[in-house]
Amino acid sequence: MAICELSGKKTRVKNLVSHSNIKTKSRSFANIQSKRFFSSQLKKSLQFKVSTHAIRHIDKLGSFDIFIMKQKNNLLSSRALKVKKEILKKTQKRGSNETKN
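Inspection of the entire model under this criterion finds 2 aromatic pairs. Here the aromatic rings of Phe37 and Phe64 are separated by 5.3 Å at their centres, their planes lie at 10 degrees, and the arrangement is stacked. Here Phe37, found in strand β3 (residues 32–39), pairs with Phe64, found in helix α2 (residues 64–70); they are 27 residues apart in sequence, far enough to count as distant. For the pair Phe37 and Phe64, a shared accessibility class is recorded, and that class is buried.

Written out as structure tokens, the structure is:
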């Protein structure tokens, strides 16, 4: 089953209801794409399986780093959580270096 690593979007189960009210189970798949993003904080490219909804959101915010920092931890995959922690470490190091100068 395809699940978006950044937004948690996955396959949904729904009922198709006919005029005679007969319910037929159906699945609606999320549009998952394999996409490479560049992290300006880590200075490297990262590849994730992401929904097109998340791709549009990242474009709207302007940066992969901004998106992943705003995203809730329970929606992120384990790989994405590791990347978020690395970005947090980098920003904290930069913040402490700037206050020393």
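Across all of its chains, the model carries 2 salt bridges by this definition. A salt bridge links Lys44 to Glu86; the shortest N-O distance between them is 3.9 Å. Of this pair, Lys44 sits in strand β4 (residues 44–51) while Glu86 sits in helix α3 (residues 78–100), placing them 42 residues apart in sequence.

What follows deals with the nonpolar core. Ranked by size, the top nonpolar core spans 18 residues in total, and within it Leu6, Phe37, Phe48, Val50, Phe64, Ile68 and Val83 carry the most contacts. For this core, the secondary-structure elements that each account for two or more residues are β3, β4, α1 (52–61), α2 and α3. When near neighbours in sequence (up to four residues on either side) are disregarded, Phe64 contacts Leu6, Phe37, Phe38, Ser39, Leu46, Phe48, Ile58 and Val83.

Time to look at the pairing of β4. One ladder, built from 8 bridges, connects β3 with β4; its direction is antiparallel. Paired with Ser34 across the two strands is Lys49, which belongs to β4. The antiparallel hairpin formed by β3 and β4 contains 4 residues in its connecting segment, where Lys43 sits at a positive phi of about 60 degrees.

Definitions and limits used
Residues numbered from 1 in each chain as written. Predicted model: local features only at pLDDT ≥ 70, side-chain atom pairs only at ≥ 80, totals over all residues. Heavy atoms only, no water. Phe/Tyr/Trp six-rings, centres within 6.5 Å; stacked < 30°, edge-to-face > 60°. Helix = DSSP H or I, 4+ residues; strand = E, 2+ residues; numbered from the N terminus. Buried < 20%, exposed > 50% of the residue type's maximum accessible area, 1.4 Å probe, protein only. Salt bridge = Lys/Arg side-chain N within 4 Å of Asp/Glu carboxyl O. Core = buried A, V, L, I, M, F, W, Y, C linked by side-chain atoms within 4.5 Å. Contact = heavy atoms within 4.5 Å. Pairing = 2+ DSSP bridges.

Everything listed is a geometric property; what it means functionally is a separate question.
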